[in-house]
Amino acid sequence: MKVDFMIIGAMKSGTSTLAAALSRHPEISFCSKKEPHYFSLGDNNWKKNLDQYHSLFEKREGVIYGEGSTTYSMLPDHNQEIWNRLYEYNPNLKFIYIMRNPVERCISQYKHMYLRRYIKLPIEDAIFKVATIVNNSRYYMQVSPYIEKFGIDNVLLIDFDDLQLNQSELSSKICSFLSIGDFEFNFEPENVTFGGEGKMDSRLNYPPKLLKFLGERISKDKSKKIWHWLRSLTKIQLKVDVELNLEYKRILLRMLELDIQKIENLMGERKDKWRSLK
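Here is a short report on the structure shown in this document. (Residues numbered from 1 in each chain as written. Predicted model: local features only at pLDDT ≥ 70, side-chain atom pairs only at ≥ 80, totals over all residues. Heavy atoms only, no water.)

Okay, the overall build of the protein chain next. What the protein chain contains, in helices and strands, is 13 helices and 5 strands. Summarising the internal contacts of the protein chain: among those between residues at least 6 apart in sequence, 74% fall at separations of at least 24. Carbon and sulfur atoms provide 50% of the accessible area of the protein chain, an area that totals close to 13,900 Å². (Helix = DSSP H or I, 4+ residues; strand = E, 2+ residues; numbered from the N terminus. Contact = heavy atoms within 4.5 Å. Areas by Shrake-Rupley, 256 points an atom, 1.4 Å probe, with all protein chains shown as cover.)

If you want it as structure tokens, here you go:
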């Protein structure tokens, strides 16, 4: 087998919701681990463990295989020539890249990293000192190497807003892009669930170090309960503590403006909502 398509990002832009929705199509076998990160985090000898990678997929007749690793679009933090590795693996790969308001995505990533204690800086400092936060919102920079390597016809660009506002049109676009039968996808966020056939274990891919430590020593069910409990505690704190004022949002927008313009040219449409600051 070969994986046929990948959701490559952007991080904190609805990739888990999109993956969960696509996994319910009868002609799609989606990776049991939503983000295996196989081609971005492994060593150069990636070919030797392909059987282990492929074991993450349920083998069925008449289906296509997909996965959704956001580290595939995190330049320069991960494999800086990942598209060459992917092309060697399967030159016919297709890619889906979903984008949201890039300033809001930066804030969401900061919360994600702060929640997991990857960073302790206040957000005003982090957006300048932690380069990955802004780089992951440079959508053109992240996706253009895939377009150059695989061709524009093999890269589908999606606006996050369409998950809610244009579900039917987006469903048709995705089915046509992947050459699968018509299907009305449900892109509601609550579709993101834990484990089970056709469902994504989306929130346990990057557990805190403590949970990872416990996960190696206790049952999966217990580790999930601990994870839910930790999230419930830290989410309350984040709602109170994390805010970015309008001045800093304007600075972020100026940093990202040229990239936004290039995405607009690629998609042939204006993204004025991305320039709307609240």
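Now for the nonpolar core. Grouped together as the largest cluster of nonpolar side chains are 73 residues, with contacts concentrated most on M6, L22, F39, Y146 and I174. No other element matches the 6 residues that helix α5 (residues 102-115) contributes to this core. Beyond its immediate stretch of four places on either side in the chain, M6 contacts F39, Y53, E67, Y72, L86, L93, K94, F95 and I96. (Core = buried A, V, L, I, M, F, W, Y, C linked by side-chain atoms within 4.5 Å. Buried < 20%, exposed > 50% of the residue type's maximum accessible area, 1.4 Å probe, protein only.)

Before going further, it helps to spend a moment on the packing of helix α4 (residues 82-89) against helix α8 (residues 139-150). For the pair α4 and α8, interaxial distance at closest approach is 10 Å and the crossing angle is 35°. Along this stretch, α4 crosses α8, giving a crossing that reads as right-handed. Contacts from I82, W83, N84, L86 and Y87 of α4 reach α8 at P145, Y146, K149 and F150. The residue makeup of the contact of α4 with α8, split by class, is 7 nonpolar, 1 polar and 1 charged. (Axes fitted to C-alpha atoms, helices over the stretch in contact; angles between N-to-C directions. Left-handed = near helix turned anticlockwise from the far one by under 90°. Nonpolar A, V, L, I, M, F, W, Y, C, P; charged D, E, K, R; others polar.)

Once that is clear, we can look at the sheet that holds strand β1 (residues 5-9). Reading across from one edge, β2-β3-β1-β4-β5 is the order of the 5 strands in this open sheet, with parallel pairing throughout. At either end of the open sheet lies a strand with only one pairing partner, and these are β2 (28-30) and β5 (155-159). Along the sheet, successive strands turn relative to each other by an average axial angle of 25°, direction set aside. Lying over the sheet, α8 contacts β1, β4 (94-99) and β5, oriented at roughly 165° with respect to β4. (Pairing = 2+ DSSP bridges.)

Per the counting criterion, the structure on display carries 21 aromatic pairs. For the ring pair Y38 and F39, a centre distance of 5.0 Å and an interplane angle of 90° mean the geometry is edge-to-face. Across this residue pair, the class does not change: Y38 and F39 are buried. Relative to Y53, the ring of F39 has its centre 5.3 Å away and its plane inclined at 85°; by these criteria the two rings are edge-to-face. (Phe/Tyr/Trp six-rings, centres within 6.5 Å; stacked < 30°, edge-to-face > 60°.)

Relative to the assigned elements, W83 resides in helix α4. Those residues in contact with W83 that sit more than four places away from it in its chain are L75, P145, Y146, K149 and F150.

This next bit is on the pattern of salt bridges. Per the stated rule, a full pass over the model turns up 11 salt bridges. By sharing partners, the salt bridges in this structure join E257, E264, R270, D272 and R275 into a single network. (Salt bridge = Lys/Arg side-chain N within 4 Å of Asp/Glu carboxyl O.)

Structurally, S40 is set in helix α2 (residues 38-41). Judged by relative accessible area, S40 falls into the buried class, the value being 7%. In this view, S40 contacts T71, Y72, H78, N79 and I82; residues no more than four positions away in its chain are not counted.

Of note, the amide linkage connecting G9 to A10 takes the cis form, showing an omega dihedral of 0°. Assignment of secondary structure puts A10 in the loop between β1 and α1 (15-22). Omega for the peptide link from L75 to P76 comes to -5°, which places this bond in the cis form. With respect to the secondary-structure elements, P76 resides in the loop between β3 (64-67) and α4. Of note, the phi angle at R117 is positive, near 65°, even though the residue is not glycine. Within the secondary structure layout, R117 lies in the loop between α5 and α6 (123-129). Even without being a glycine, S179 presents a positive backbone phi close to 55°. When you line up the elements, S179 lands in the loop between α10 (167-178) and α11 (209-215).

As a further point, take the packing of α5 against helix α13 (residues 246-267). Direction vectors running N to C along α5 and α13 enclose 120°, while the axes themselves pass 9 Å from each other. One finds that α5 runs oblique with respect to α13. As α5 packs across α13, the resulting crossing turns out to be right-handed. Along its contact with α5, which presents P102, V103, E104, C106 and I107, the element α13 presents K249, L252, L253, L256 and I260. (Parallel < 35°, antiparallel > 145°, perpendicular 65-115°, else oblique.)

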